[in-house]
Amino acid sequence: MKHRNGIIILFIIMATFGCKPDPLEYARPDNLAGTIYQQLESMGNFTYYLQALDQTAYKEPLVKGGSWTVFAPTDEAFEAYMTVEGISSIESISPEKILDIVEYSIIIDGWNTTTLTYFPNRFI
């Protein structure tokens, strides 16, 4: 009976203190170029998109990093949209429309050209 209690206590101690994840296993690799938000800033032709992104809750995850695919419209695309819609500035676009633009441009998870090419076939 004493041995059984000792084994149970040992098991509880091992289960409580022995299972710690390695923080380096989940750390951001040093060789990555930066977060998506930083990359868009450095490219210089996504200022309208970044202004739109700043108005939504999606900014924080894109600033912190993670696995995202973003189809960000360029400043040229925003200017063309605003011209067609008769809008003079990004501030004139409704918050609902800004949210629509941002939500439709972000996909959770990392995608590459191969997965995007075969995307429709995955769900058929």
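Report on the accompanying structure. All of these numbers come straight from a predicted model, not from anything done at the bench.

When helices and strands are counted, the protein shows eight helices and two strands. When the elements of the protein are put in sequence order from the N terminus, they spell out α-α-α-α-β-α-α-β-α-α. Within the span of the protein, comprising 124 residues, buried residues form 19% of the whole. For the protein, the exposed area adds up to about 9,500 Å²; of that, 60% sits on carbon and sulfur atoms.

Looking at helix 3 (residues 47–54), one finds that the buried residues are Y49, L50, A52 and L53. All buried residues of helix 3 fall inside an arc of 160 degrees around its axis, so they share one side. Packing partners of the buried residues in helix 3 comprise helix 2 (36–43), helix 4 (59–64), strand 1 (68–70), helix 5 (75–85), helix 6 (95–105) and strand 2 (106–108).

With that out of the way, let us pick up helix 5. Since the α-helix packs 3.6 residues into each turn, any two residues three or four apart lie on the same face. Within helix 5, burial applies to D75, F78 and M82. Burial along helix 5 is one-sided: seen end-on, the buried residues are contained in an arc of 60 degrees. Turned more than 90 degrees from where helix 5 packs its buried face, E76, T83 and V84 sit exposed. The secondary structure elements touched by the buried residues of helix 5 are helix 3 and helix 6. Backbone geometry just after helix 5 places G86 at a positive phi near 70 degrees.

On to the pattern of salt bridges, then. For the structure shown, the criterion picks out two salt bridges. A salt bridge links D54 to K59, with the nearest nitrogen and oxygen atoms 3.5 Å apart. By relative accessible area, which is 38% here, D54 ends up partly exposed. The exposure class assigned to K59 is partly exposed, which follows from its relative accessible area of 30%. In this structure, the salt-bridge partner of K64 is E60, at a minimum N-O distance of 2.8 Å.

On to a nonpolar patch on the surface, then. A surface patch of nonpolar side chains, about 320 Å² in accessible area, is lined by I8, F11 and I12. If you trace the backbone, F11 turns up in helix 1 (residues 2–17).

Conventions adopted
- Starting from 1, residues in each chain are numbered consecutively following that chain's sequence as written.
- Local features in this predicted model are restricted to residues whose pLDDT is 70 or higher, and side-chain atom pairs enter the listing and the counts only when it is 80 or higher, whereas totals over whole chains, interfaces and linings include all residues.
- Hydrogens are left out, water is left out, and the side-chain values use all remaining heavy atoms of the structure.
- A run of DSSP states H or I qualifies as a helix once it reaches four residues; a run of E qualifies as a strand once it reaches two. Both are numbered from the N-terminal end.
- Each residue is placed in one exposure class: buried if its accessible area under a 1.4 Å probe, protein chains only, is under 20% of its type's maximum, exposed if it is over 50%, and partly exposed if it falls in between.
- The accessible surface values rely on the Shrake-Rupley method and a 1.4 Å probe; as for residues, cover is taken only from the protein chains in view.
- What the arc covers is the set of directions going from the helix axis to the C-beta atoms.
- We call two residues contacting when some pair of their heavy atoms lies within 4.5 Å.
- Within this document, salt bridges are pairs made up of a side-chain nitrogen of Lys or Arg and a carboxyl oxygen of Asp or Glu, the two lying within 4 Å of each other.
- A patch is a set of surface residues, each over 30% in relative accessible area and not in a salt bridge, joined within 9 Å for like charges and within 5 Å for the nonpolar side chains Val, Leu, Ile, Met, Phe, Trp and Tyr.

Note that every value here comes from positions in space, so none of it alone points to a role or purpose.
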